[in-house]
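# Summary of the model geometry
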Amino acid sequence: MKTFVYLIATLNASFLDYDFSHASPEQFKRETNRHMVMNEINTTLSGVVSNYNTEIKDRLWSSVDVEVDLDSCEIYSYVPNLTSDPFTEAGIIWSFNYFFYGKTAGAARAGRGPNQAG
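### Considerations on the overall build of the chain
- Looking only at helices and strands, the chain has 3 helices and 4 strands in total.
- Burial analysis of the chain (118 residues in total) assigns 37% to the buried set.
- Contacts in the chain between residues far apart in sequence, at least 24 positions, make up 60% of those at least 6 positions apart.
- For the chain, the accessible area works out to roughly 7300 Å², and carbon and sulfur atoms hold 52% of it.

### Let's talk about the pairing of strand E3 (residues 92–102)
- The element E3 is extensively covered by neighbouring structure, given that 8 of its 11 residues are classed as buried.
- Pairing of strand E2 (residues 74–78) with E3, which is carried by 4 bridges, proceeds in the antiparallel orientation. Residue Tyr76 lies in a different strand from E3, and its bridge partner there is Phe99.

### Remarks on unusual backbone geometry
- The phi dihedral of Asp69 falls on the positive side, at around 55 degrees, and the residue is not glycine.
- Position of Asp69 among the secondary structure elements: in the loop between helix H3 (52–68) and E2.

### Some details on the side chain of Ser77
- One can find Ser77 in strand E2.
- Within the structure, Ser77 has its side chain in polar contact with the side chain of Glu31 (distance 2.7 Å).
- Ser77 has contacts with Gln27, Phe28, Lys29, Glu31, Asn97 and Tyr98, leaving out every residue within four places of it along the chain.

### A few points about the nonpolar core
- Ile41, Trp61, Leu70, Tyr98 and Phe100 are the most contacted members of the largest nonpolar core, which has 15 residues in total.
- Of all elements in the fold, only helix H2 (34–48), H3 and E3 reach the threshold of two or more residues within this core.
- In this structure, Leu7, Leu11, Phe20 and Tyr101 belong to the second largest nonpolar core, which totals 12 residues.

### Looking at the confidence of the model for the chain
- Overall, the predicted model of the chain reaches an average pLDDT of 83, with 80% of residues at or above 70.
- Ranking the elements of the chain by mean pLDDT puts strand E4 (residues 107–116) last, at 51, and strand E1 (residues 28–31) first, at 95.

Analysis parameters
- Counting restarts for each chain, with residues numbered from 1 along the sequence as it is written.
- Only residues with pLDDT of 70 or above have their local features reported here, since the model is predicted, and side-chain atom pairs are shown and tallied only from 80 upward, although totals for entire chains, interfaces and linings are computed over all residues.
- Heavy atoms from the whole structure form the basis of all side-chain values; hydrogens and water molecules are not counted.
- A helix here means a DSSP run of H or I that spans at least four residues, while a strand means a run of E at least two residues long, and both kinds are numbered starting from the N terminus.
- Under the scheme applied here, a residue whose accessible area is under 20% of the maximum for its type counts as buried, over 50% as exposed, and between as partly exposed, the area being computed with a 1.4 Å probe on protein chains only.
- Residue contacts are counted whenever heavy atoms from the two residues lie within 4.5 Å of one another.
- The protein chains shown are the only cover counted for residues, whose accessible areas, like all others here, come from Shrake-Rupley with a 1.4 Å probe.
- If DSSP finds at least two bridges between two strands, the strands pair.
- Between N or O atoms, a polar contact is any pair within 3.5 Å; within protein, one atom must be a potential hydrogen donor and the other a potential acceptor, and residues adjacent in sequence are included only when both atoms are from side chains.
- Definition used in this section: a nonpolar core is a set of buried Ala, Val, Leu, Ile, Met, Phe, Trp, Tyr and Cys residues joined via side-chain atoms within 4.5 Å.
- Confidence per residue, as judged by the predictor, is encoded in pLDDT with a range of 0 to 100.

Okay, here's the thing in structure tokens:
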């Protein structure tokens, strides 16, 4: 339950115009394969950021590792319903929602990637 509270607090702090207090624990899924999550993020970002693989990817994961220790953190995906997601507005063509939760640091870091058409 403590982890769920951290995740909701992180959402509320990240998106001040939205209230996530009605989110349910069922909307969060613990991801068990860190490499699959990282691959999904890498694949998505490399398709939309021209220099992602050559200049950004290693720095991104090094920074995340410093903050939450990738080897020991827990990763959660957030699957919002249509009424509670700030990125369900018209023109959004993809998004992902991951939280890297470092239990030893007591920190949840949100990783969210929206892409808007046009």
